[in-house]
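# Coordinates in review
Residues per chain are reported as follows:
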Amino acid sequence: MAAGNEWIYGYLEAILDTGERINDIRRQSVGEKDSFKAAKYFVDEVTGFDESSLYRTWIKASSVRSSQERSLRMESLCWRIWHIARKKRLIEWQDAHRLAQRHMEREQGRKVATEEMWDYLSEGENKDTTALESSIPKAVNDAPLLLAADGEEHKKLEKVNREPAAASVKRLYIVLISLHGLVRGENMELGRDSDTGGQVKYVVEFARALALMPEVYRVDLLTRQICDPEVDWSYGEPTEMLSSGSNYDSDGGESSGAYIVRIPCGPREQYLRKELLWPHIQEFVDGALAHVLNMARVLGEQIPGGEPIWPHVIHGHYADAGDTAALLSGALNVPMVLTGHSLGRNKLEQLLKQGRQSREDINSFYKIMRRIEAEELSLDAAELVITSTKQEIEEQWGLYDGFDVKLKRVLRARARRGVSCHGRYMPRMVVIPPGMDFSTVVVADAGDVVEGDIDMVAFTGDATNVVPVSPRVKPPIWDEIMRFFTNPHKPMILALARPDPKKNITTLLKAFGECAPLRELANLTLIMGNRDDIDQMSGSNGMVLTTALKLIDKYDLYGQVAYPKHHKQFDVPEIYRLAAKTKGVFINPALVEPFGLTLIEAAAHGLPMVATKNGGPVDIHKTLSNGLLVDPHDHNEIARALLKLVSDRNLWTLCRKNGLRNIHQYSWPEHCRTYLTRVAQCRMRQPQWQTDMSLEDAKDDDESQGDSLRDAQDVSLRLSVDGDKLGLISLANPDELERALRAENNYTNGENSIGSAGSEGGKHESARRTQSGRLESMNEDTSFDAAARRPVTTGPLSKAHMLKRRRRLLVIAVDSYDSSLRKPSEMLVKMIQDIVMTIRTEAGGRSTGLILSSALTVSEIVRALTSNGLSPHDFDALVCSSGSELYYPADSSVDTELQADADYQSHIDYRWGYNGLRKTMPRLTSPDGETENKNPIYVEDETACNPHCLAYRVTKPDAALPVDQLRQRLRMRGLRSHVMYTHNCTRLHALPLLASRSQALRYFFARWNVDVANMFVVVGETGDTDYEELLSGTHKTIIVKDAVQEGGSEYKLRVPGNYDRSDVAPSEGPNITTVDISSLCEHVVDALK
């Protein structure tokens, strides 16, 4: 080493003399000055990617005069390069290992799911055909609509559904959610940052177009309210009208049309990038729920019928809005639709392939694991997933646990045969390309496209006709661009993208700079958003712009490249028009493009395209046939494609004609018609109490919240049309209550353990069907005392109805257990006693309600209360079994009754597959999918089960799978469930997908009109694995120190390397307070006052 750098130069010379690849590179670079450099090739090939900074450092080090200093620098730099290469290969190996493991898990899950379903099919085929048909749930009869792929069935359905759509009543209310970025209707600041791009424009134009459809009454686009002084004041306005329905349709009322509704969440005076919004999702959901409930009542007054108008669908855009839409649709029991736009798993794969960042670094900055989990939850809850291309379905959504193309085909085949899938489900995905607003499109010099002597034409709103327009004054943006060029008459290569690394602008500059013929024939225009000072931009955006300027300087592109600092939204059509006028080309060189709306806009203005072959441009090119596709990683291929289009005038004209001829297929009216047709094929569902109470009754109840003289017995709320949903259960004897509940709800097959084969005997003699269509076996076990079986009768919800009169609710949700005795800890009992006494004497009277929320069963709660001098009548409601059941104490004059909220049971029944889940659980931890396990980790606890909760005892907590792995394995088998560990990780509960204690609070809001913002939730410093869901929202959270002494179950929530609690709930905020247990009651009194 000290002798000099001979070994380095010897190594480089060896590289120069070896391999045909080097010769190929030399041949490719013939004619280009100083195109091949040995040192640069060494840096690039060893590290595996272009490292311009390393190369420059190499050149500087090799030019040092002192031989000793030069040797030290070169030696250090060589080690640095080899370290980068080693790190990159380690990341590649880890990624390959992870993908292989994931592939094995998916294959295993698919195999197990298929075997179990065929077992069910064999059992069903042995029965009488008529009996089988009669036992098929309604959901299965509808399944071909939900599972069928694009084909003849959908074409027939589309034809049928379009006819009545035009004649239907204008009464649809549609909610769109796009959470991040700067969203407004006019002068959109597209490109200002990485969050304000094509998605913002898409959702705004989509909302406008939907509101013009004859079936749609109102469209709300929900986004975040931003009052940051660094952004325009308009982003802080609560409401912005996009279009008024009354201006277009005589049937439109005062609230019809399209609106942007801004919901406050997170710090009010701070604009946050999307990666920092995750802790505030729950707060946004609560605010959105308040708006939708209010709007449902308002629209009910305007539309004939007198009933609240619930959202037809709730449509989430991107992962954060998908997470929001899943929770909001679960709270309202209405269908959810999802559009991913760009996907986290795909982005993670691309970043790992680059090798510049480790998985930990990527997760730290992009919060990528939180985003992926949100997308998985969105897949779980969505009735319909809308994609832009088939490639997005197969290559991007196919990376997710919750979507398996092969398993979907199996489920679809079973559905077509009329055989139940037993709770297994794969979301239906359809391709609906985005639309475009053609009202501002002007095609210049279109005489070669449209017959006749027309110099200019413009598209009308329906994009099917062209009309002549008069020449227009030269727009100011033209001068702003042309001032950069030495020769502004050359064809313009136009790229319009924000300065994001994935948009690949630097490779475009490299392609342009290294191709001398292309530089001679064309200019390059880069519209990279708006900027004032590069130093003030975000890290990645500023880095891309800085690199772009350095490349312009490196290749001496002054006078050939334009990069204006500012442009307005209304300037964009003029920029396209300028490029078309100069016979230019539009290019999208992104590494991966989910769709490519700019390609549609460019084609509408008569511009041929060069686009990436990864993603949506493939489908666009197939439809329009107006350009060339390239590998975005190959700058030489990009240069050749651009040169071909610019130099071949016949090819340019042909691509222009093809684009203009076919562009009508991307109009907004066509998009909206297809969208509404697809949505109509979803299984529609709405809150079950919508027909129970008129708007007048609701208004009367709102006005009488403070009236203590009104007799609750006189207000009988019928929770359903048939009026027999409420059961009265005795409270006099907790043991008798438990036997009654078991006798009523026991529908298991006699198995005492997941690992056991199950007892023999035909205990299944009857069946009942829930709202979702699943079959539940009801055990007619005669071992129970006949007197313990209570008849299901109807009674008024007196205590439940009192919830409507509560101004505030105090919710006790502390997860402190005596696990050995299956009851609350003594500390929790003492806390409850103190709070009850405080509420009675000082803090509330009739205006404050009290709710107990726990993972304990109803019988365990009743037993604990009655044995400690308390009564269920001290509470307005009991949330039992982790949120799977709600009970209301009956009127105080009758001290022996509990009332179950049967509406809540049907409310959470969505995608609940009890039988399939119960049969799958044994295989989750068994080796090689064995059905029997001699030492099971999870043993079924029949006494804690209910129709919407599968309960298990955890025999080996340390060996139990974390919650995220349980969810992953269930998703891979087509099952959707909310699983959680309770009782200090000694119990496992499996609930319906959208059932939880936090969702129960939103149910109280939707059902009883008790605003979540007026709730106070008391929790410990830790708890069950659903604990973090209770921390954030518009409610006030009171964290009690040392209330949970055994550590809780949270350590089993996620594996290391996943996201943290800070990505779910903020660690501090105006709604979160931490108090000592000794001062809890004093704080409660102050807070309620």
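Owing to the predicted nature of the structure, the values given are computational and were not obtained by experimental measurement. Residues take numbers from 1 onward in each chain, read along the sequence in its written order. Reporting in this predicted model follows two pLDDT cut-offs: at least 70 for local features of residues, and 80 or more for side-chain atom pairs to be given and counted; totals over whole chains, interfaces and linings ignore these cut-offs and use all residues. In computing side-chain values, all of the structure's heavy atoms are included and hydrogens and water are not.

### Considerations on the pattern of salt bridges
The term salt bridge refers to a side-chain nitrogen of Lys or Arg lying within 4 Å of a carboxyl oxygen of Asp or Glu. One pass over the full model with this rule turns up 36 salt bridges. Residue R262 pairs with E240 through a salt bridge whose shortest N-O separation is 2.7 Å. Placement of the pair is R262 in strand β4 (residues 257–263) and E240 in strand β3 (residues 239–244), with a sequence separation of 22 residues. In this structure E240 comes out as buried when scored by relative accessible area, which is 17%. Ionic pairing is found between E480 and R483, a salt bridge with its closest N-O pair at 2.9 Å. Comment: elements are numbered from the N terminus, with helices defined as DSSP H or I runs of at least four residues and strands as E runs of at least two. Exposure is judged per residue with a 1.4 Å probe applied to protein chains only, and the accessible area is read against the type maximum: over 50% gives exposed, under 20% gives buried, and values in between give partly exposed.

### Topic: helix α32 (residues 858–866)
Burial runs high along α32: 7 of the 9 residues are buried. Within the sequence span of α32, burial applies to V858, S859, E860, I861, V862, A864 and L865.

### What about the confidence of the model for the chain?
Here the chain shows a mean pLDDT of 77. Residues at 70 or above account for 72%. A residue's pLDDT is the predictor's confidence in that residue, given on a scale from 0 to 100. We call two residues in contact when some of their heavy atoms are within 4.5 Å. Note on residues 120–167: pLDDT under 50 across the span, and 72 contacts to partners over four residues away in sequence or across chains. Confidence drops under a pLDDT of 50 for residues 744–796, and excluding neighbours within four residues, the segment shows 124 contacts in the predicted structure.

### A look at the pairing of strand β16 (residues 609–612)
Regular strands place side chains that alternate from one sheet face to the opposite one. DSSP-based pairing: two strands are paired if at least 2 bridges between them are found. Across 3 bridges, the pairing between strand β15 (residues 585–588) and β16 is parallel. Across the sheet, I587 pairs through a bridge with V610, a residue of β16. If the strands point away from the viewer and the path from the first strand over the helix to the second runs clockwise, then the crossover is right-handed. Handedness of the crossover is the feature at issue here: the chain leaves β15, passes through helix α23 (residues 597–604), returns alongside β16, and the resulting connection is right-handed. Pairing of β16 with strand β17 (residues 627–630) involves 4 bridges; the strand directions are parallel. When the sheet's bridge partners are listed, T612 is paired in β17 with V630. For the crossover from β16 across helix α24 (residues 617–624) to β17, the handedness is right-handed.

### Considering the nonpolar core
Only buried residues count toward a nonpolar core. Its members are Ala, Val, Leu, Ile, Met, Phe, Trp, Tyr and Cys residues joined through side-chain atoms within 4.5 Å. Ranked by internal contacts, the top residues of the largest apolar core, which has 102 residues, are I177, L332, W397 and F1004. Among the elements that make up this core, the one with the highest residue count is helix α11 (residues 281–302) (10 residues). If near-sequence neighbours (up to four positions away) are discounted, I177 is found in contact with L221, L222, F284, I314, H315, G316, H317, A321, T324, A325 and L328.

### A short note on the environment of T1074
Within the secondary structure layout, T1074 lies in strand β34 (residues 1072–1075). On the basis of relative accessible area, T1074 is assigned to the partly exposed category, the value being 44%. Each C-alpha atom, one on T1074 and one on G1020, is 9.2 Å from the other, the two residues being 54 residues apart in sequence. Apart from the residues lying within four places of it in its own chain, the contact partners of T1074 are I1039 and K1041.

### Overview of the sheet that holds strand β28 (residues 938–940)
To summarise the sheet geometry, strands pair through backbone hydrogen bonds and adopt either a parallel or an antiparallel arrangement. Read from one edge to the other, the open sheet built from 4 strands follows the order β28-β29-β31-β30, with strand pairing classed as antiparallel. Two strands bound the open sheet, and with one partner strand each, they are β28 and β30 (978–982). Ignoring which end each strand starts from, the neighbouring axes of this sheet average 30 degrees apart. Bridge analysis of β28 against strand β29 (residues 950–954) gives 3 bridges, and the strand direction is antiparallel. Residue pairing for β29: V939 is matched across the bridge by R953. Against the sheet, helix α34 (residues 914–924) contacts β28, β29 and β31 (987–991), and its axis sits at roughly 15 degrees relative to β29. Here helix α35 (residues 963–972) sits on the sheet in contact with β28, β30 and β31, set at roughly 150 degrees to β30. Here an angle of 0 to 180 degrees is reported between the N-to-C directions of two axes, which are lines fitted to C-alpha atoms, with helices fitted over the stretch in contact.

### Quick look at the packing of helix α12 (residues 318–332) against helix α36 (residues 997–1008)
Orientation of α12 relative to α36, taken along the N-to-C sense of each, is 50 degrees, at an axis distance of 8 Å. Relative to α36, α12 is oriented oblique. Crossing handedness for the pair α12 and α36: right-handed. On α36, the residues that touch L327, G330 and A331 of α12 are Q999, R1002 and A1006. Only Asp, Glu, Lys and Arg are considered charged in this grouping, and only Ala, Val, Leu, Ile, Met, Phe, Trp, Tyr, Cys and Pro are considered nonpolar; every other residue, Gly among them, is considered polar. Residues belonging to the contact of α12 with α36 are distributed by class as follows: 3 nonpolar, 2 polar and 1 charged. If an angle is under 35 degrees, it is roughly parallel; if it is over 145, roughly antiparallel; if it lies from 65 to 115, roughly perpendicular; otherwise it is oblique. Crossing chirality is assigned from the near helix's rotation relative to the far helix, an anticlockwise turn below a right angle marking it left-handed and a clockwise turn marking it right-handed.

### Examining the sheet that holds β4
One open sheet accounts for 8 strands, arranged β3-β4-β2-β1-β5-β6-β7-β8; its pairing is mixed. Unpaired on one side and paired on the other, β3 and β8 (428–431) mark the two borders of the sheet. Neighbour to neighbour, the strand axes of the sheet diverge by 20 degrees on average, direction disregarded. The pairing of strand β2 (residues 216–224) with β4 spans 7 bridges and is classified as parallel. Across the sheet, T223 pairs through a bridge with R262, a residue of β4. Relative to the sheet, α11 contacts β1 (172–177), β2 and β4, its axis offset from that of β2 by approximately 160 degrees. Strands in contact with α12 are β1, β5 (313–317) and β6 (336–339); relative to β5, the strand with the most contacts, it is inclined by about 160 degrees.

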